[in-house]
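# Structural description and commentary
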Amino acid sequence: AQESKLSPPPAQEVKTWPYETFGAPGKVAETRQALDLDTTFIRFENGVRLTVKPTKFRQDQILVSVRVGGGRLEMPTDRQTASWAAGFAFIQGGLKQISLEDMEQVLASKIYNADLSITDDSFILSGATRPQDFDTQLQVLTAYLAEPGWRTAGFERMKTLGPNLLRQLAATPQGVMRRDMGELMHSGDQRWSFPTLQEIQAAQPADLQTLLGPALARGPVEVLIV
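What comes next concerns the included structure.

Our focus in this paragraph is the pairing of strand S6 (residues 123-129). Regular strands show a simple pattern: their side chains alternate between the two faces of the sheet. With five of seven residues buried, S6 lies mostly within the body of the structure. With seven bridges joining them, strand S4 (residues 62-68) and S6 adopt antiparallel strand pairing. When the bridges of S6 are listed, Ile-62 appears paired with Thr-129. Two strands pair when backbone bridges link them, and strand S5 (residues 115-118) and S6 are joined in this way by four bridges, in the antiparallel orientation. For Ser-117, the partnering residue across the bridge sits in S6 and is Ile-124.

As structure tokens, this is what we get:
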């Protein structure tokens, strides 16, 4: 071993954050102040709306929410979609130019986060940050809106966890109510239903892109900053 010729380990590629710019800035078409609410409403020429509300509840915290698309109301009414996996799998899919793991490494010194939730009337990308990392937080959410990565590992992980989740829900009255209440309150509408084991096992990663891709691409987009 002492006589063996040594060679240096291969150099690791240095990753950089590729989403600092997104083209020409948008132009403001209208600005409106609601003095009684201490809130500013802005409309850009491309239709994007921005609402800014300062508060004193938390010092040095900024909450950002990006509402896009029509949420559950624009989903198919007669079949199960990939909405049950969307919140986890979409974010785990990373971005087109960088994976989630590399993004976490590159932005390790920043405070930011990204979540996806689905409401009745919109898909919501949200995050929380501090003033010095505000630009990064906006870049992350904009990148998820403009260039999601659609990597499949997160979706496959959700499929693996699906059977255990169904068993846990069936084990308690509260779990059964959580599983069935949405569908019961909406007359069997599949947009509010929980998938069966067979539906989870039959789901494919492409189902997530089919669900979210068109909604994220066509908007409308509303940004809220508190």
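Don't stop here, the text continues.
Here the focus is a nonpolar patch on the surface. The grouping of Met-177, Met-181 and Met-185 at the surface amounts to a nonpolar patch, some 320 Å² of accessible area in total. Along the chain, Met-185 turns up in helix H5 (residues 173-185).

Judged by how many residues are buried, helix H1 (residues 83-92) sits mostly within the fold: seven of ten residues are covered. When H1 is considered as a whole, its buried residues turn out to be Ser-83, Trp-84, Ala-85, Ala-86, Ala-89, Phe-90 and Ile-91. In the segment just after H1, Gly-94 is the residue with positive phi, at about 65 degrees.

Glancing now at the nonpolar core. The tendency in soluble globular proteins is for nonpolar side chains to be buried side by side. By size, the foremost hydrophobic cluster in this structure holds 46 residues, and its most contacted members are Phe-90, Met-103, Leu-125, Tyr-144 and Leu-212. A total of six residues in this core trace back to one element, the largest contributor, which is H1. The contacts of Met-103, once residues within four sequence positions are left out, are Trp-17, Leu-95, Ile-98, Tyr-112 and Tyr-144.

Turning to the packing of H1 against helix H4 (residues 153-170), a few remarks are in order. The geometry of H1 relative to H4 is characterised by a closest axis approach of 7 Å and an angle of 145 degrees between their N-to-C directions. Where H1 crosses over H4, the two elements pack in a sense that is right-handed. On H4, the residues that touch Trp-84, Ala-85, Phe-88, Ala-89 and Gln-92 of H1 are Gly-154, Phe-155, Arg-157, Met-158 and Lys-159. For the contact of H1 with H4, the class distribution of residues is six nonpolar, two polar and two charged.

Before going further, it helps to spend a moment on the packing of aromatic side chains. Centre-to-centre distance and the angle between the planes together describe a pair of aromatic rings. Counted under the stated rule, the structure contains five aromatic pairs. Geometrically, the ring pair formed by Tyr-19 and Phe-22 is stacked, given 6.1 Å between the ring centres and 20 degrees between the ring planes. Residue classification places Tyr-19 among the buried residues on the basis of a relative accessible area of 2%. For Phe-22, a relative accessible area of 39% gives the class partly exposed. Seen in terms of ring centroids, Phe-90 and Tyr-144 are 5.6 Å apart; in terms of plane orientation they differ by 45 degrees. Their pairing is tilted. On the criterion of sequence distance, the pair formed by Phe-90 in helix H1 and Tyr-144 in helix H3 (residues 134-146) is long-range, its members being 54 residues apart. For the pair Phe-90 and Tyr-144, a shared accessibility class is recorded, and that class is buried.

Let us look at the sheet that holds S4. In a beta sheet, neighbouring strands are held together by backbone hydrogen bonds and run either parallel or antiparallel to one another. Read from one edge of the open sheet, seven strands run S1-S2-S3-S7-S4-S6-S5, paired in mixed fashion. The open sheet is flanked by strand S1 (28-34) and S5, the only strands paired with a single partner. Shown here is a sheet whose adjacent strand axes are inclined to one another by a mean of 15 degrees, direction ignored. Here five bridges tie S4 to strand S7 (residues 221-225), and the two strands are oriented antiparallel to one another. When the bridges of S7 are listed, Ser-65 appears paired with Leu-224. On the sheet, H1 packs against S5 and S6 and is oriented at approximately 165 degrees with respect to S5.

Procedures and definitions
Residues numbered from 1 in each chain as written. Predicted model: local features only at pLDDT ≥ 70, side-chain atom pairs only at ≥ 80, totals over all residues. Heavy atoms only, no water. Buried < 20%, exposed > 50% of the residue type's maximum accessible area, 1.4 Å probe, protein only. Helix = DSSP H or I, 4+ residues; strand = E, 2+ residues; numbered from the N terminus. Pairing = 2+ DSSP bridges. Patch = residues over 30% accessible without salt bridge, like charges linked within 9 Å, V, L, I, M, F, W, Y side chains within 5 Å. Areas by Shrake-Rupley, 256 points an atom, 1.4 Å probe, with all protein chains shown as cover. Salt bridge = Lys/Arg side-chain N within 4 Å of Asp/Glu carboxyl O. Core = buried A, V, L, I, M, F, W, Y, C linked by side-chain atoms within 4.5 Å. Contact = heavy atoms within 4.5 Å. Axes fitted to C-alpha atoms, helices over the stretch in contact; angles between N-to-C directions. Left-handed = near helix turned anticlockwise from the far one by under 90°. Nonpolar A, V, L, I, M, F, W, Y, C, P; charged D, E, K, R; others polar. Phe/Tyr/Trp six-rings, centres within 6.5 Å; stacked < 30°, edge-to-face > 60°.

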